[in-house]
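Listed below, chain by chain, are the residues.
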Amino acid sequence: ADGNPDKVSLENAIELLKEVMTHINEDKRKTEGQRQIFDVVYEVDGCPANLLSSHRNLVQRVETIVLDDNLCDRGEQVTLFLFNDCLEIARKRHKVISSFKSPHGQTRPPASLKHVVLMPLSQIRGVLDIKETEDCHSAFALVVRPPTEQSNLLFSFQLIVEEPKKDYWLRLLCRHVANTICKADSENIIFNTDPEFLEVNTKDMDSTLSRASRAFKKTSKKVTRAFSFTKTPKRVLQRALMAHSTPDTKSPTGNRTYLGSQLASTSSLAGVQSPSLVSLPAMFEKKYHTFSRSTTHLI
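Remember, it's a predicted structure, so these values are computed and weren't measured experimentally.

**Quick notes on the overall build of the protein**
Helix and strand counts for the protein stand at eight helices and 11 strands. Across the 299 residues that make up the protein, the buried fraction comes to 31%. Pairs at least 24 residues apart make up 57% of the contacts formed inside the protein by residues separated by at least 6 positions. Accessible surface for the protein amounts to roughly 19,800 Å². Of this, 56% is attributable to carbon and sulfur atoms.

Have a look at this one:
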């Protein structure tokens, strides 16, 4: 009742409780945001440690496909993690690593993504909304100017999820870019363009031929790395030959013949003779004569 002496006190108590609940919800929101950042760090293999920050929070996550070769191979599935001040780009792992088991006995699932680049939103010079055509659907592009480059780079993507919609995602991205660079109007960051101008096409992304082409490209890269001789430095090769040609064997003549053949094959493979290998027979012969003089009194 209005005449109750406790009415004013109760109203004040209710207002104080509302303020307490507001602070609790805000702290809960911050805690949830920090937990989401930790989840991203664990999900992305090689994620930079500086992604963890008290002022940073995860805004949106979208699944896309790369439409060019500037960032990674065309057709790669990449995930974009939009934070309030940066954009983490990670591609899907081709080979999932083993799971991590903590000392407390809890097993964490293996990282399903591989870090590509952590891009500050201040490096984004423009967001291109690529028009919808028969051969191009849900495509957009980012005009980026890294500090190490003297010209702008273009990264084009295709959204492959129903939610969020492309319009909402682009507006959200532009708003946070504008906030990062302290620009009031985020509409000046986004531009409309035709896919023919950027030579972007999404028609063949889901075709069997395109998938086979991407698989062949990945296989050829693996084969090239497997047969690359640059993985074995000459120092490693020389150390291996020296280990196999020790002077403690019973047949010095056989050793000299073996060392000569090894040196010949090494010179033909490396192209340049190493001074340490060329002096090996003389060193071996010196040690052998020393050993012979020390054992003549035993005969």
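That shown, we press on.
**Notes on the sheet that holds strand β3 (residues 77–83)**
Judged by pairing direction, the sheet is mixed, and its nine strands sit side by side in the order β1-β7-β4-β3-β2-β10-β9-β8-β11 without closing on themselves. The open sheet has two free edges, formed respectively by β1 (44–45) and β11 (190–193), since each of these has just one partner strand. Of the pairings in the sheet, the one linking strand β8 (residues 124–130) to β11 comprises four bridges and is parallel in character. In the sheet register, Val-127 faces β11, and the bridge partner there is Ile-190. Against the sheet, helix α2 (residues 166–180) engages β2 (58–66), β3, β4 (86–92), β8, β9 (139–144), β10 (153–159) and β11, with an angle of about 170 degrees to β8.

**What about the pairing of β4?**
It is a general feature of regular strands that their side chains alternate between the two faces of the sheet. Of all seven residues that make up β4, five are buried, and the element is covered over most of its length. Here β3 folds back onto β4, and the loop between the two strands holds two residues. In terms of strand pairing, β4 meets strand β7 (residues 113–120) through seven bridges, oriented antiparallel. When the sheet's bridge partners are listed, Glu-88 is paired in β7 with Leu-118.

**Focus on unusual backbone geometry**
That bond from Glu-163 to Pro-164 is cis: its omega, 0 degrees, falls within 30 degrees of zero. With respect to the helices, strands and loops of the structure, Pro-164 is situated in the loop between β10 and α2. The backbone phi angle of Ser-138 is positive, close to 50 degrees, even though this residue is not glycine. Tracing the backbone through its elements, the reader meets Ser-138 in the loop between β8 and β9.

**Some points on the confidence of the model for the protein**
For the protein, the average pLDDT comes to 75, and 64% of its residues sit at 70 or higher. Here residues 246–259 is a poorly scored stretch, pLDDT under 50, and it has 10 contacts once near neighbours within four places are set aside; other chains count. For residues 265–299, every residue scores under 50 in pLDDT, and the model assigns this stretch 24 contacts once sequence neighbours within four places are set aside.

**Notes on helix α1 (residues 7–43)**
The end-to-end C-alpha separation of α1 is 53 Å, in line with the 54 Å expected for 37 residues at 1.5 Å each. Those residues of α1 that fall on the buried side of the exposure criterion are Gly-33, Ile-37 and Val-40. Each element contacted by the buried residues of α1 is listed here: β1, β2 and β3.

**Quick word on the side chain of Asn-84**
Here Asn-84 is to be found in the loop between β3 and β4. At 3.1 Å, the side chain of Asn-84 and the backbone oxygen of His-55 are in polar contact. At 3.1 Å, the side chain of Asn-84 and the backbone nitrogen of Asn-57 are in polar contact. Apart from residues lying up to four places away in sequence, Asn-84 is in contact with His-55, Arg-56, Asn-57, Val-59, Leu-121, His-176 and Thr-180.

**Quick look at the pattern of salt bridges**
One pass over the structure, following the stated rule, counts 12 salt bridges. Between Asp-45 and Lys-114 there is a salt bridge; the shortest N-O distance is 3.5 Å. In this pair, Asp-45 sits in strand β1 while Lys-114 sits in strand β7, placing the two residues 69 residues apart along the sequence. Its relative accessible area of 23% is what places Asp-45 among the partly exposed residues. As a salt-bridge pair, Asp-135 and Lys-203 come within 3.8 Å of each other at their nearest N and O atoms. With Asp-135 in the loop between β8 and β9 and Lys-203 in the loop between α3 (195–198) and α4 (208–226), this pair connects stretches of sequence that are 68 residues apart.

The rules behind these values
Residues numbered from 1 in each chain as written. Predicted model: local features only at pLDDT ≥ 70, side-chain atom pairs only at ≥ 80, totals over all residues. Heavy atoms only, no water. Helix = DSSP H or I, 4+ residues; strand = E, 2+ residues; numbered from the N terminus. Buried < 20%, exposed > 50% of the residue type's maximum accessible area, 1.4 Å probe, protein only. Contact = heavy atoms within 4.5 Å. Areas by Shrake-Rupley, 256 points an atom, 1.4 Å probe, with all protein chains shown as cover. Pairing = 2+ DSSP bridges. Axes fitted to C-alpha atoms, helices over the stretch in contact; angles between N-to-C directions. pLDDT = per-residue confidence, 0-100. Expected span 1.5 Å × (residues − 1). Polar contact = N/O pair within 3.5 Å; in protein donor to acceptor, adjacent residues only side chain to side chain. Salt bridge = Lys/Arg side-chain N within 4 Å of Asp/Glu carboxyl O.

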